[in-house]
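Descriptive analysis of the structure
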Amino acid sequence: MSGSVELLLDLTLPELEARLREWQQPAYRARQVWDWVYKQGATQFAQMTNLPVALRERLAAEFTLTPFEPVAEHLSTDGQTRKLALRLADGEIIESVWMRYETRESVCVSTQAGCAMGCAFCATGQGGLRRNLTAGEIVGQVLAFARLLAPQSRVTNVVFMGMGEPFANYDAVWKAVSILMHPAGLGLGARHIVISTVGLIPGIRRFAQERSQVRLAVSLHAPDDALRDQLVPINRAHPIGPLMDAIRYYVNLTGRRVTFEYALIAGVNDSPEQAQALAALLRGLPVHVNLIPLNPVAGSPWRPSPRDRVRQFQATLEERGIPCTVRLGRGTDIQAACGQLRARTLQPDV
Ligand code: SAH
Ligand code: SF4
């Protein structure tokens, strides 16, 4: 028995079963605990009234159910986007976002406190990496919103598009995915989960080998290495050629379509020639392109492409048979849109 308190959300169901077996508990106890945590939204072991008191007490002595405490909450003016700033046990602050769409309740989770990738247009990247999150710290973000939505509604989709680079924290991310999908817990469908990567090649290859239905999104932002080197510095180590090879490998293994994210920055990556080059790069692959007019980030000189330019870029791709949509900035008024998460909630200017 260890003296430190563990996060229960860090354990898969088989891991909890093994632990409770060591405690001489019957096999069904772990599922009872999971039911309380994931289906009923319990935040304390004392609520688990169908467990023997001694077991509740031992669980409470050795585990915690709360990986963080909320330190701020922002609701967008249209009421359809909510951002939570959460303080982890060691004081690090992360942010998570909930977005309501017509048929979906989507949660955008962070996978790291900060990010080491340093993309030029992203607020998260500006502060560097603080640390990886654990699986339970990722799962806990979904659970926090699930509790807010219950009982009227439930989380239907999870996107790994918050702070951090998921494939730089692969093990914890994949463990979180398996916990989120387990039918004894939240039971999220694989197709309702998206992992967005800046393009770490080993991560994409490993993800391909999972042969899962979980969806992959790749943040491209430039059709050539010279420009991508500047916007996405990791491109120097993971350039477009080998990146596309890894994506083809993923497509061959899984048969799944890949989403490409492309933030449109005025005068930087939004010309008709760049749209043509992007179409040529993606030709023949089952893809979908998400065009995101840049969300403004403080201290950056870059601006979003004007509406006409966005439309023209989209038309150029579509004429060449590349399906694409324009993603409108959700939650920009509360700094909750793509690339705006930076956990500066404690600063007075927010
Ligand atoms: N690290 C991962 C996932 C988190 S970022 C990744 O980079 O894919 C989620 C998405 O927001 C990425 O596509 C990222 O490129 C995009 N993004 C970052 N900053 C942005 C900004 N200022 N405007 C629009 N999109 C941005
Ligand atoms: Fe990190 Fe993604 Fe931001 Fe790049 S865009 S700095 S990979 S979070």
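A brief structural summary. Values in this document were obtained by computation on a predicted structure and should not be read as measured data.

Here is what the cut-offs are and how they apply
Residues numbered from 1 in each chain as written. Chains lettered and ligands numbered in written order. Predicted model: local features only at pLDDT ≥ 70, side-chain atom pairs only at ≥ 80, totals over all residues. Heavy atoms only, no water. Near = heavy atom within 4 Å. Polar contact = N/O pair within 3.5 Å; in protein donor to acceptor, adjacent residues only side chain to side chain. Areas by Shrake-Rupley, 256 points an atom, 1.4 Å probe, with all protein chains shown as cover. 1 Å grid on protein atoms, 1.4 Å probe; cavity = no way out; pocket = protein on both sides within 12 Å on 5 of 7 lines; lining within 4 Å. Sits in = over half its atoms within 2 Å of the grid points. Helix = DSSP H or I, 4+ residues; strand = E, 2+ residues; numbered from the N terminus. Nonpolar A, V, L, I, M, F, W, Y, C, P; charged D, E, K, R; others polar. Disulfide = S-S within 2.5 Å. Buried < 20%, exposed > 50% of the residue type's maximum accessible area, 1.4 Å probe, protein only. Core = buried A, V, L, I, M, F, W, Y, C linked by side-chain atoms within 4.5 Å. Domains from an automatic or database assignment. Contact = heavy atoms within 4.5 Å. Pairing = 2+ DSSP bridges. Right-handed = clockwise from strand over helix to strand, strands pointing away. Salt bridge = Lys/Arg side-chain N within 4 Å of Asp/Glu carboxyl O. Points joined across faces, edges and corners; volume = space filled by probe spheres on them.

**Some words on the site of ligand 1**
Near ligand 1, the surroundings consist of 20 residues, among which Gly164, Ser196, Ser219, His221 and Asn295 are the closest. Contact between ligand 1 and serine 196: an oxygen atom at 2.7 Å from a side-chain N or O atom of the residue. Separating an oxygen atom of ligand 1 from a side-chain N or O atom of histidine 221 is a distance of 2.5 Å. In the complex, 96% of the free accessible area of ligand 1, which totals 530 Å², lies under the protein chains. Judged by the fraction of its atoms near the pocket grid, ligand 1 is located in the largest cavity. Sorting the residues of the shell around ligand 1 by element identifies β10 (193-197) and β12 (258-264) as the ones contributing at least two each. The class makeup of the residues in the shell around ligand 1 is ten nonpolar, eight polar and two charged.

**Examining the state of the cysteines**
All chains considered together, the criterion is met by zero disulfides. With no disulfide of its own, cysteine 324 has cysteine 338 as its nearest cysteine by sulfur position, at a separation of 16 Å. The buried category is assigned to cysteine 324, whose relative accessible area is 6%.

**Re the nonpolar core**
Residues Phe160, Ile247 and Phe260 are the most contacted members of the largest nonpolar core, which totals 116 residues. The element contributing the most residues to this core is helix α5 (residues 135-149), with nine residues. Counting only domains with at least three residues in this core, you end up with domain 1 (6-64) and domain 2 (88-334). Not counting residues up to four positions away in its chain, the partners in contact with isoleucine 247 are Ile204, Val218, Val258, Phe260 and Leu285.

**So, the pairing of β10**
The element β10 is largely enclosed, with a buried count of five among its five residues. Along β10, one buried face is formed by Ile193, Ile195 and Thr197 and the opposite face, lined by Val194 and Ser196, is buried too. Both strand β9 (residues 157-160) and β10 contribute to a ladder of three bridges, which runs parallel. By the bridge assignment, valine 158 is partnered in β10 with isoleucine 193. Of the crossover connections in this fold, the one passing from β9 over helix α6 (residues 170-181) to the parallel β10 is right-handed. In terms of strand pairing, β10 meets strand β11 (residues 215-219) through four bridges, oriented parallel. Looking at the pairing, isoleucine 195 lines up with leucine 216 of β11.

**Some words on the pattern of salt bridges**
On inspection of all chains with the given rule, the structure shows 16 salt bridges. In this structure, glutamate 137 and arginine 131 form a salt bridge, with 3.0 Å as the shortest nitrogen-oxygen distance. Accessibility expressed as a relative area gives 7% for glutamate 137, which makes it buried. Assessed through its relative accessible area of 22%, arginine 131 is described here as partly exposed. The network of salt bridges with common partners includes Asp90, Arg131 and Glu137.

**Regarding empty space enclosed by the protein**
Applying the stated criterion across every chain yields a total of three cavities of 30 Å³ or more. Estimated volume of the largest cavity: approximately 510 Å³. Around the largest cavity sit 31 residues that line it, and Phe121, Cys122, Ser219, His221 and Gly339 are the ones nearest its centre. Going through the elements one at a time, α4 (123-126), β10 and β12 are the ones with two or more residues in the lining of the largest cavity. When grouped by side-chain class, the residues that make up the lining of the largest cavity number 16 nonpolar, twelve polar and three charged.

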